[in-house]
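These are the residues of each chain, in order.
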Amino acid sequence: MRRVVLAGRGELAEWRDAARAFAVAGILPEEIEWREKRAEPGFAFQHDAMPPPSAAACKPMTVPPAFIELAETVLCHSDPARFSLLYRLLWRLQLDRQLLEVASDEDVARARLMAKNVRRDAHKMTAFVRFKEVGAVSAGRRKFLAWFEPDHHIVRRTAPFFQRRFTDMDWLIATPRGSAAWDGERLTMSDAPCEKPNLTDAADELWRTYYASIFNPARLKLKAMQAEMPKKYWKNLPEADLIPGLIASAESKVRAMAAREATQSLPFHDRLQEAARGIPAEPEAPAGTLEALRAEAAGCTRCPLHAKATQTVFGEGPLDAEVMLVGEQPGDQEDIAGRPFVGPAGRLLDQVITEAGIDRSMLYVTNAVKHFKYEPRGKRRIHQKPNMGEVKHCRWWLNLEMALIKPKLVVAMGATALAALTDTKQRLQDVRGKAIAIDERRTLFVTVHPSYLLRIPDERLKADELARFREDMLTIQRLMLAAA
Ligand code: URA
């Protein structure tokens, strides 16, 4: 049995030289005992165990490039068994060149796992090193020191990342497994273990305050957080002792945020309402007119939707319109403008009705629900479909609009409008494209909502559906002519 002691600081050359000498001499894996210097304080790096090259030596072994890559990473692992594992793989690769692709092979699996642990440790180092400014600025360069406790010999392989990232400052990363330093010109490595320096300073408090303020309880994913930030790294992170408290209070904070959301309007909404309050009151419109109805609806609080919406979006069009178009509810842009169908769905509607020869100014355009229902998400307001209760509350206004306008043809665009106009649960596809007599004076025509067309991801289906919508608008145009 031969015994070889290596420094084992993660350098390929050291192991490769030894392995090459043994391999050339034909020494089998089971004939070598690989040791690490750290565990053998009495031993220096031993070359004497190496056989001298002899004339009877075997021919040099060759390996695929993937093995070199794997060995470079595995050698950074702290397990002393890595040397013998790699030497065994080296021998086995001479018989089977594809061996490294056999994931179920015990040696291969073990080597792959070691490589994975090393990569993970290196990644954690890039994430959790915290530099502290130390010493005076010299030659215009600031100096920083960091402490990190890696599991494996990763300082050498990770240092170039910090060199690229923090090139304009001088830094030293100290670890129990050696150190790396950068002075703007040279990256210096040392294998000498470092003592942990005292790095707490006044900036810690600032950092902790910042960390606590950016911690978003609504985004907390405990499992992902624990996987990304394992507890063993916490002791060197100034913010770490805040984390348990932040996690513990996350749930109640989310509940409080949700409660606030339900009652607190967005700032621009407040500003618009404020501005509207400043506008001098219009002279009161005569009762029973469209203007009077609109003014009354502006103060509607029949359902909770008014609380978050900017304003009531009432219908618009001539009092003697023969056709009334009914949509679902105002969208984001309609809520701000205070007019129906002026956003993306409105633009599509305008385009299609114009192509069909219909003049929008002849139509009365309104919605089943008069307030924008949405869910705030960041700076965006995400449309939410009104529920049947909200539709029923708002039918009050729709019925009054119908009673005033007395349209001959009412067009329901989408399922919500259909439900509001018929009070039955019919499927839109069962009645789409048909003219249905509501009573002896009025006809209902059902089509899809233009927003539906805008949301179709498949281009072909979208084109087909758009063509059908155009057909529907042509039918409406013919019905208008017939009713005139
Ligand atoms: N969608 C609707 O249903 N109505 C609008 O006014 C805008 C978009």
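Criteria and cut-off values
- Residues numbered from 1 in each chain as written.
- Predicted model: local features only at pLDDT ≥ 70, side-chain atom pairs only at ≥ 80, totals over all residues.
- Heavy atoms only, no water.
- Pairing = 2+ DSSP bridges.
- Helix = DSSP H or I, 4+ residues; strand = E, 2+ residues; numbered from the N terminus.
- Axes fitted to C-alpha atoms, helices over the stretch in contact; angles between N-to-C directions.
- Contact = heavy atoms within 4.5 Å.
- Parallel < 35°, antiparallel > 145°, perpendicular 65-115°, else oblique.
- Left-handed = near helix turned anticlockwise from the far one by under 90°.
- Nonpolar A, V, L, I, M, F, W, Y, C, P; charged D, E, K, R; others polar.
- Near = heavy atom within 4 Å.
- Polar contact = N/O pair within 3.5 Å; in protein donor to acceptor, adjacent residues only side chain to side chain.
- 1 Å grid on protein atoms, 1.4 Å probe; cavity = no way out; pocket = protein on both sides within 12 Å on 5 of 7 lines; lining within 4 Å.
- Sits in = over half its atoms within 2 Å of the grid points.
- Buried < 20%, exposed > 50% of the residue type's maximum accessible area, 1.4 Å probe, protein only.
- Right-handed = clockwise from strand over helix to strand, strands pointing away.
- UniProt positions renumbered as here; feature names shortened; annotations may be inferred.
- Phe/Tyr/Trp six-rings, centres within 6.5 Å; stacked < 30°, edge-to-face > 60°.
- Lys NZ or Arg CZ within 6 Å of the ring centre and 35° of its normal.
- Points joined across faces, edges and corners; volume = space filled by probe spheres on them.
- Expected span 1.5 Å × (residues − 1).

Q: Which parts of the structure should I look at to understand the sheet that holds strand β9 (residues 363-367)?
A: Across a sheet, paired strands are connected by hydrogen bonds in the backbone, their directions being either parallel or antiparallel. Ordered in space as β9-β8-β12-β14-β13, the 5 strands form an open sheet in which the pairing is mixed. At either end of the open sheet lies a strand with only one pairing partner, and these are β9 and β13 (435-437). For this sheet, the mean angle separating the axes of adjacent strands, direction not counted, is 25 degrees. Sheet analysis places strand β8 (residues 323-327) next to β9, joined by 5 bridges and oriented parallel. Residue M324 lies in a different strand from β9, and its bridge partner there is Y364. Lying on the sheet, helix α14 (residues 388-405) is in contact with β8, β9 and β12 (409-413); it crosses β9 at an angle near 170 degrees.

Q: How should I be thinking about the packing of helix α2 (residues 65-74) against helix α4 (residues 106-128) in this particular structure?
A: Two quantities define a packed helix pair, namely the angle between the axes and the distance from one axis to the other. At a minimum axis separation of 8 Å, α2 and α4 run at an interaxial angle of 60 degrees. Relative to α4, the element α2 is oriented oblique. Note that α2 runs across α4; the crossing there is left-handed. Along its contact with α2, which presents L70, T73 and V74, the element α4 presents A111, R112, M114, A115, V118 and R119. Residue composition of the contact of α2 with α4, grouped by class: 6 nonpolar, 1 polar and 2 charged.

Q: Mind showing me how you'd approach the site of the ligand here?
A: For the ligand, the full set of nearby residues is G327, E328, Q329, P330, G331, E334, P340, F341, N367 and H449. E328 is positioned such that a nitrogen or oxygen atom in its backbone is 2.7 Å from an oxygen atom of the ligand. Between the ligand and N367 there is a distance of 2.7 Å, counted from a nitrogen atom to a side-chain nitrogen or oxygen. Comparing atom positions with the cavity grids shows the ligand to sit within the second largest pocket. In the shell around the ligand, the residues fall into 3 nonpolar, 5 polar and 2 charged.

Q: Help me understand the pairing of strand β4 (residues 143-147), please; the structure alone is not making it clear to me.
A: Side chains on a regular strand alternate between the two faces of the sheet. Burial within β4 is extensive, with 4 of its 5 residues counted as buried. When strand β3 (residues 132-133) meets β4, the two strands line up antiparallel, connected through 2 bridges. The residue bridging K132 from the neighbouring strand is L145, located in β4. Handedness of the crossover joining β4 and strand β5 (residues 170-175) through helix α5 (residues 155-165): right-handed.

Q: What should I look at first to understand the UniProt feature "domain: Uracil-DNA glycosylase-like" (unreviewed entry) in the protein chain in this one?
A: In the numbering used here, UniProt assigns the feature "domain: Uracil-DNA glycosylase-like" (unreviewed entry) to residues 314-474. Here residues 314-474 is 43% helix and 19% strand, with 26 Å between the C-alpha atoms at its ends.

Q: Help me understand the packing of aromatic side chains, please; the structure alone is not making it clear to me.
A: Describing an aromatic ring pair means giving the distance of the ring centres and the angle of the ring planes. Counted by the stated rule, this structure contains 18 aromatic pairs. Ring centres 5.0 Å apart and planes at 90 degrees place the aromatic pair F161 and F162 in the edge-to-face group. The rings of W15, F22, W34, F67, F83, Y87 and W91 are connected pair by pair, giving a single aromatic cluster. When the ring centre of Y374 is taken as origin, the NZ or CZ atom of K308, which lies over that ring, is 5.2 Å away.

Q: Before we go on, may I ask you to explain the layout of surface pockets in this structure?
A: To find the voids left in a structure, one rolls a probe of water-molecule size over its atoms. Considering only enclosed or pocket space, the second largest pocket measures out at about 660 Å³ in volume. Lining of the second largest pocket is provided by 26 residues; of these, E328, H383, H449, S451 and R455 occupy positions nearest its centre. Every element with two or more residues in the lining of the second largest pocket is listed here: α12 (332-337), α13 (344-355), β11 (380-383), α15 (415-422) and α17 (450-455). Per-element accounting of the lining of the second largest pocket gives the leading share, 4 residues, to α17. Residue classes in the lining of the second largest pocket are distributed as 11 nonpolar, 9 polar and 6 charged.

Q: Before we go on, may I ask you to explain empty space enclosed by the protein in this structure?
A: In total, this model carries 2 cavities of 30 Å³ or more according to the counting rule given. Looking at the largest cavity, its volume works out to about 70 Å³. Forming the walls of the largest cavity are R9, H153, I154, V155, R156, R177, S179, M189, S190 and D191. Put simply, the parts of the chain that give the lining of the largest cavity at least two residues each are α5 and β7 (187-190). Residue composition of the lining of the largest cavity, grouped by class: 3 nonpolar, 3 polar and 4 charged. Taken as a whole, the second largest cavity encloses approximately 50 Å³ of empty space. Along the walls of the second largest cavity sit C300, R302, C303, V369, K370, H371, H393, C394 and W397, which together make up its complete lining. Broken down by class, the residue content of the lining of the second largest cavity amounts to 5 nonpolar, 2 polar and 2 charged.

Q: Hey, could you run me through unusual backbone geometry in this one?
A: Glycine aside, a negative phi is what most residues show, and trans is what most peptide bonds show. Residues other than glycine seldom take positive phi values, yet F341 does so here, at roughly 50 degrees. We classify F341 as buried; its relative accessible area is 5%. Phi angles above zero are rare outside glycine, and K406 is one such case at about 55 degrees. Here K406 lies in the loop between α14 and β12. The exposure class of K406 is exposed, given its relative accessible area of 53%.

Q: It is not clear to me how the sheet that holds β4 should be interpreted in this structure. Could you clarify?
A: Across the sheet, 5 strands lie side by side as β3-β4-β5-β6-β7; this open sheet has mixed pairing. For this open sheet the edge positions go to β3 and β7, each flanked by a neighbour on one side alone. In this structure, β4 lies alongside β5, joined through 5 bridges in parallel fashion. If you follow F144 over to β5, its bridge partner there is W171.

Q: Just checking my understanding: could you explain α4 for this structure?
A: Counting along an α-helix, one turn takes 3.6 residues, and residues three or four places apart therefore face a common direction. For α4, which comprises 23 residues, the first-to-last C-alpha distance of 33 Å matches the rise-based estimate of 33 Å (1.5 Å per residue) to within 8%. Against α2, α3 (82-95), α5, β5 and α7 (222-228) lie the buried residues of α4. The N-capping residue of α4, defined by a side-chain oxygen 3.0 Å from the backbone nitrogen of D107, is D105.

Q: When you look at the side chain of D170 in this model, what are you seeing that I'm missing?
A: Here D170 is to be found in strand β5. Overall, D170 belongs to the buried group, its relative accessible area being 12%. At a separation of 3.2 Å, a polar atom in the side chain of D170 contacts the side chain of K143. Here D170 is in contact with R141, R142, K143, F144, W182, D183 and G184, once residues within four sequence places are set aside.

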